[in-house]
Structure formats: structure tokens, C-alpha cells
Amino acid sequence: MYDFFKRLLDIIVSLFSLIILLPFFIPIIIILRLSGEGEVFYFQERYGIHNSRFQIWKFATMLKNSMNIGSGSITLQNDPRVTRVGSFLRKTKINELPQIINILKGDISLVGPRPLVEKTFRAYNEEVKSKIYNVKPGLTGIGSIIFRDEESIISSINNKDPHKFYKEYIAPYKGEVELWYQKNRSFLLDIKLILITFWVVIFPNSNIYYKVFKDLPKKMKY
């Protein structure tokens, strides 16, 4: 029953959101078409349920072939590969909104573990890799909320390889909290995570999730 109602919620919310957001999408599409490299959407292969693959939708925010430039799959704060318009879209998370189409298609859900590219997925240990996508990935989720400013965290380290830092510090903790979600998942938890997502967008420095979910794994230290 949980899976049925979760999918029903995904369809209702994604359809409603597309109708509401369409008037806002049109000017964004025009601006992207006339700026940067003229790219509007960015499609990238991500891991989905049971480690299947799908193409994720986003508004284009970076230079073409950015995966093969600079820090590759990891985006840093003030990353030179990010376009001027793209910087605004990323900060406001507007670039993520086209994933509503992925929700409607059934690639992802509103709530679940973040769908990753292969390189960052491989940073997980074997246990996490075998379990994390036993549930459908999501537009938001506990890992996405905690690491909503991942670019700043990685950029704050000094003289460290960003890929090594991700593998040694971020991936282990992100894996822990995503498995925590699987153990505790429920319709009520999903609603709480959606509400907390809105909260941290408005108050980006808030760590309210540690107060709401007192049994979360201990905070990441680095």
C-alpha cells in the first residue's frame, strides 16, 4: 500500500507542478537558449532503482563536456565550468526542477536517495552499493537535504583532492543516512522530508533535521 500511495502522490504532484511551473519554465528556456552555449536541458545517466540506469533531466548550468574538464563529476564552489545564468539556477535549485518529468515517468520519486553518476556511486562501500537503490531514488531525500550545499563543503577543504575527500568523508556518511531512510521509510517520513526540504531552501543554514530525526547517524566530521 505504501508503494501504491507513494506512486500516486508522485503522479499527482508532478502533474500539478508542471502545470503551475510552465509559465516560469518558458522565460528560463528562452534565457538559456540565448545565453552561454545555447543549451537548455542537460541529460545525464544516473543510477536508478535496483542499479538500473536512466537519463536525468536538468536545466543546463555548465559548459558542454564539463564532465571531462576540471574536477569532473564533482562541482566546486565558484566552479569556472558553471555559466553565469547556471550559477543562479544552481544556487536557487531551479536547475533541478525539470526532474519533475523524471518523477512523472517513474524514473525517480519525490523522496528517495539521490540518483548518482557512476563515479560518485563507486565511492560507496560494497554494502551501500548493493542496498541504496533497493528503493527508487528521489528528487529530495535525507542525503540531498544534509548535503544540499555539497559544493561549499568540498570547496572548503584545503590542499585535498576533492574526489578523495568525497570518497573518504562524504560518501560514507551519505550512505549511512540513506540506509537510515530505508530502515525508517514511511508515508509520514516522506511528508516530513518534503516539508524540511522547503524549510532548508528558505533557511539554508538550518540543521533542523537533526532535531526532528534524533536517531540520525552522528554528524559527519572532517
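Check the entry above for the structure.
Residues numbered from 1 in each chain as written. Predicted model: local features only at pLDDT ≥ 70, side-chain atom pairs only at ≥ 80, totals over all residues. Heavy atoms only, no water.

Caption draft 1: Highlighting the overall build of the protein chain. Along the backbone of the protein chain there are 10 helices and four strands. Taken over the C-alpha trace, the protein chain has a radius of gyration of 17 Å; the compact-globule value for 222 residues is 17 Å, and the two agree within 12%. Referenced to the eigenvectors of the C-alpha coordinate spread, the extents of the protein chain come out at roughly 45 × 45 × 35 Å. Counting only residues that meet the buried cut, the protein chain has 46% of its 222 residues in that class. For the protein chain, restricting intrachain contacts to residue pairs at least 6 apart in sequence, the fraction spanning at least 24 positions comes to 67%. When the accessible area of the protein chain is evaluated, it comes to approximately 12,400 Å², of which 61% is carbon and sulfur surface. Taken as two groups, the 32 positive and 20 negative side-chain charges of the protein chain have centres that lie 3 Å from each other. (Helix = DSSP H or I, 4+ residues; strand = E, 2+ residues; numbered from the N terminus. Rg over C-alpha atoms; globule rule 2.2 N^0.38 Å. Buried < 20%, exposed > 50% of the residue type's maximum accessible area, 1.4 Å probe, protein only. Contact = heavy atoms within 4.5 Å. Areas by Shrake-Rupley, 256 points an atom, 1.4 Å probe, with all protein chains shown as cover. Lys, Arg positive; Asp, Glu negative; His and termini not counted. Charge placed at Lys NZ, Arg CZ, Asp CG, Glu CD.)

Caption draft 2: Focus on the pairing of strand S1 (residues 41–47). Pairing of S1 with strand S2 (residues 53–59), which is carried by seven bridges, proceeds in the antiparallel orientation. Residue pairing in the sheet places Tyr 42 in a bridge with Lys 58 of S2. (Pairing = 2+ DSSP bridges.)

Caption draft 3: Quick look at the side chain of Gln 44. Here Gln 44 is to be found in strand S1. Of the polar contacts made by the side chain of Gln 44, one reaches the side chain of Tyr 42; its length is 2.8 Å. (Polar contact = N/O pair within 3.5 Å; in protein donor to acceptor, adjacent residues only side chain to side chain.)

Caption draft 4: Expanded view of helix H1 (residues 2–34). At Leu 22, H1 shows its largest kink, close to 55 degrees, and the proline Pro 23 lies no more than four residues downstream. Listed as buried for H1 are Lys 6, Asp 10, Ser 14, Ser 17, Leu 21, Phe 25, Ile 28 and Leu 32. Contacts made by the buried residues of H1 are with S2, helix H2 (84–91), helix H3 (99–105), strand S3 (109–111), helix H8 (162–184) and helix H9 (187–202). (Bend = angle between axes of the 7 residues up to and from the residue.)

Caption draft 5: Inspection of H2 at higher detail. Gly 86, Leu 89 and Arg 90 are the residues of H2 that are buried. End-on view of H2: buried residues confined to an arc of 95 degrees, all on one side of the axis. Of the residues in H2, the exposed ones pointing more than 90 degrees away from the buried face are Arg 84, Phe 88 and Lys 91. On its buried side, H2 packs onto H1, S2 and helix H7 (150–155). Lys 93 occupies a position one or two residues after H2 and carries a positive phi of about 70 degrees. (Arc of directions from axis to C-beta.)

Caption draft 6: Main features of the packing of H8 against H9. The interhelical angle for the contact between H8 and H9, taken along N-to-C directions, is 140 degrees, at an axis separation of 9 Å. By the criterion of interaxial angle, the relationship of H8 to H9 is oblique. Note on element contacts: H9 touches H8 through Leu 189, Asp 190 and Leu 193, opposite Trp 180, Tyr 181 and Asn 184. In terms of residue class, the contact of H8 with H9 is made up of four nonpolar, one polar and one charged. (Axes fitted to C-alpha atoms, helices over the stretch in contact; angles between N-to-C directions. Parallel < 35°, antiparallel > 145°, perpendicular 65-115°, else oblique. Nonpolar A, V, L, I, M, F, W, Y, C, P; charged D, E, K, R; others polar.)

Caption draft 7: Structural detail: the nonpolar core. The biggest cluster of nonpolar side chains holds 40 residues, and the ones touching the most others in it are Ile 142, Tyr 209 and Phe 213. Looking at this core, the elements with two or more residues in it are S2, S3, helix H6 (142–146), H7, H8, H9 and helix H10 (208–212). Broken down by element, the residue count for this core peaks at nine residues, all from H8. In this structure Ile 142 touches Val 177, Glu 178, Trp 180, Tyr 181, Leu 193, Tyr 209, Phe 213 and Leu 216, once residues within four positions along its chain are discounted. Counting residues in hydrophobic clusters, the runner-up holds eight residues, among them Leu 32, Val 40, Phe 59 and Leu 89. (Core = buried A, V, L, I, M, F, W, Y, C linked by side-chain atoms within 4.5 Å.)

Caption draft 8: Inspection of the pattern of salt bridges at higher detail. The final tally for this structure, using the stated rule, is 10 salt bridges. Its salt-bridge partner being Arg 122, residue Glu 118 comes within 3.6 Å of it at the nearest N-O pair. The partly exposed category is assigned to Glu 118, whose relative accessible area is 41%. Judged by relative accessible area, Arg 122 falls into the partly exposed class, the value being 41%. (Salt bridge = Lys/Arg side-chain N within 4 Å of Asp/Glu carboxyl O.)

Caption draft 9: Quick peek at the environment of Phe 165. Relative to the helices and strands, Phe 165 is located in helix H8. For Phe 165, a relative accessible area of 2% corresponds to the buried category. The sequence separation of Phe 165 and Leu 22 amounts to 143 residues, and the corresponding C-alpha distance is 39 Å.

Caption draft 10: Spatial organisation of the packing of H1 against H9. Remark: H1 packs on H9, axes separated minimally by 10 Å, with the N-to-C direction vectors making an angle of 30 degrees. As summarised for this structure, H1 and H9 are arranged roughly parallel, according to the angle between their axes. For the pair H1 and H9, contact is made by Tyr 2, Phe 5, Lys 6 and Leu 9 and by Phe 187, Asp 190 and Ile 191, respectively. Across the contact of H1 with H9, the residue classes tally to five nonpolar, no polar and two charged.

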